[in-house]
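Coordinate analysis (summary)
Listed below, chain by chain, are the residues.
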Amino acid sequence: MAPTKKGGEKGRSAINEVVARESTINIHKRIHGAGLKRAPRALREIRKFAMKEMGTPDVRFDTRLNKTVWAKGIRNIPCRIPVRLSRKPKEDEDSPNKLYTLVTYVPVTTFKNLQLMWMRTNC
């Protein structure tokens, strides 16, 4: 069994911080086997990836990301999509989750030699 902390000290949770992360999502491997209606499934997989990476159940998409996924139709989606995941505080909602994740599209010319980036933002 893991040792527990004694005293009343509580560590600071990384999930409550406002951060942004850039990454490339390989859509091709996540929707392998889907015949028709690949674009809606791709958006569900992007949402699942954002929930896992950022730890917030509320995930919102930018319109440019939606247009990029749907640009070639419902069946011919891009294999990889570069995105920026931004964890932001909710403004005036009374919900148990105080943060949401905004997923935006990052246009790139090529996928060669891309680096992951973590950015701390002050809000």
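Structural notes, computed from the coordinates. Just so it is clear, the model here is predicted, and its values are computed rather than measured. The written sequence of each chain sets the order in which its residues are numbered from 1. Predicted model: local features are reported for residues with pLDDT of at least 70 only, side-chain atom pairs are reported and counted for 80 or more only, and whole-chain, interface and lining totals are derived from all residues. The side-chain numbers reported here are obtained from all heavy atoms of the structure, hydrogens and water having been left aside.

Regarding the pattern of salt bridges
- Between Lys or Arg on one side and Asp or Glu on the other, a salt bridge is scored when a side-chain nitrogen of the former is within 4 Å of a carboxyl oxygen of the latter. Going through the model one piece at a time under the given rule, you end up with 5 salt bridges.
- Residue arginine 84 pairs with glutamate 22 through a salt bridge whose shortest N-O separation is 2.3 Å. Of the two residues, arginine 84 is situated in strand S3 (residues 80-89) and glutamate 22 in strand S1 (residues 19-26); the sequence distance between them amounts to 62 residues.
- A relative accessible area of 15% places glutamate 22 in the buried class.
- Residues lysine 90 and aspartate 58 are paired through a salt bridge, measuring 3.3 Å at the closest nitrogen-oxygen approach. Under the scheme used here, helices are H or I runs from DSSP no shorter than 4 residues and strands are E runs no shorter than 2 residues, and both carry numbers assigned from the N terminus. Exposure categories follow from relative accessible area, calculated using a 1.4 Å probe and restricted to protein chains: below 20% of the type maximum is buried, above 50% is exposed, and the middle band is partly exposed.

Side note on the pairing of strand S4 (residues 99-105)
- Summarising burial for S4: 6 of the 7 residues are buried, a large majority.
- One ladder, built from 3 bridges, connects strand S2 (residues 59-61) with S4; its direction is parallel. Paired with valine 59 across the strands is threonine 101, a residue of S4.
- Only strands that DSSP links by at least two bridges are regarded as paired with each other. Pairing geometry for S3 and S4, over 7 bridges, is antiparallel. Looking across to S4, one finds that proline 89 is bridged to leucine 99.

Quick word on the side chain of threonine 104
- Structurally, the position occupied by threonine 104 is in strand S4.
- Only heavy atoms enter the contact rule, under which two residues are in contact if any of them lie within 4.5 Å. Among residues more than four places away in sequence, those in contact with threonine 104 are Asp62, Pro82, Val83 and Arg84.

Details of the packing of aromatic side chains
- Pairs were defined over the aromatic rings of Phe, Tyr and Trp, the Trp ring being its six-membered one, requiring ring centres within 6.5 Å. Orientation was assigned from the angle between planes: stacked under 30 degrees, edge-to-face over 60, tilted for the rest. In the structure shown here, the tally under the stated rule is 0 aromatic pairs.
- In this structure, arginine 60 packs its charged tip against the face of tyrosine 100, placed 4.0 Å from the ring centre. Here, a charge over a ring means that NZ of Lys or CZ of Arg falls within 6 Å of the ring centre while also lying within 35 degrees of the ring normal.

So, the nonpolar core
- By size, the foremost hydrophobic cluster in this structure holds 19 residues, and its most contacted members are Ile27, Ile46, Val69 and Val103.
- Of all the secondary-structure elements, those providing two or more residues to this core are S1, helix H2 (38-54), helix H3 (63-70) and S3.
- Here the element with the most residues in this core is H2; it accounts for 7 residues.
- For valine 69, the contacting residues outside a window of four places in its chain are Ala39, Ala42, Leu43, Ile46, Ile77, Pro78 and Ile81. To form a nonpolar core, buried Ala, Val, Leu, Ile, Met, Phe, Trp, Tyr and Cys residues must be joined to one another through side-chain atoms within 4.5 Å.

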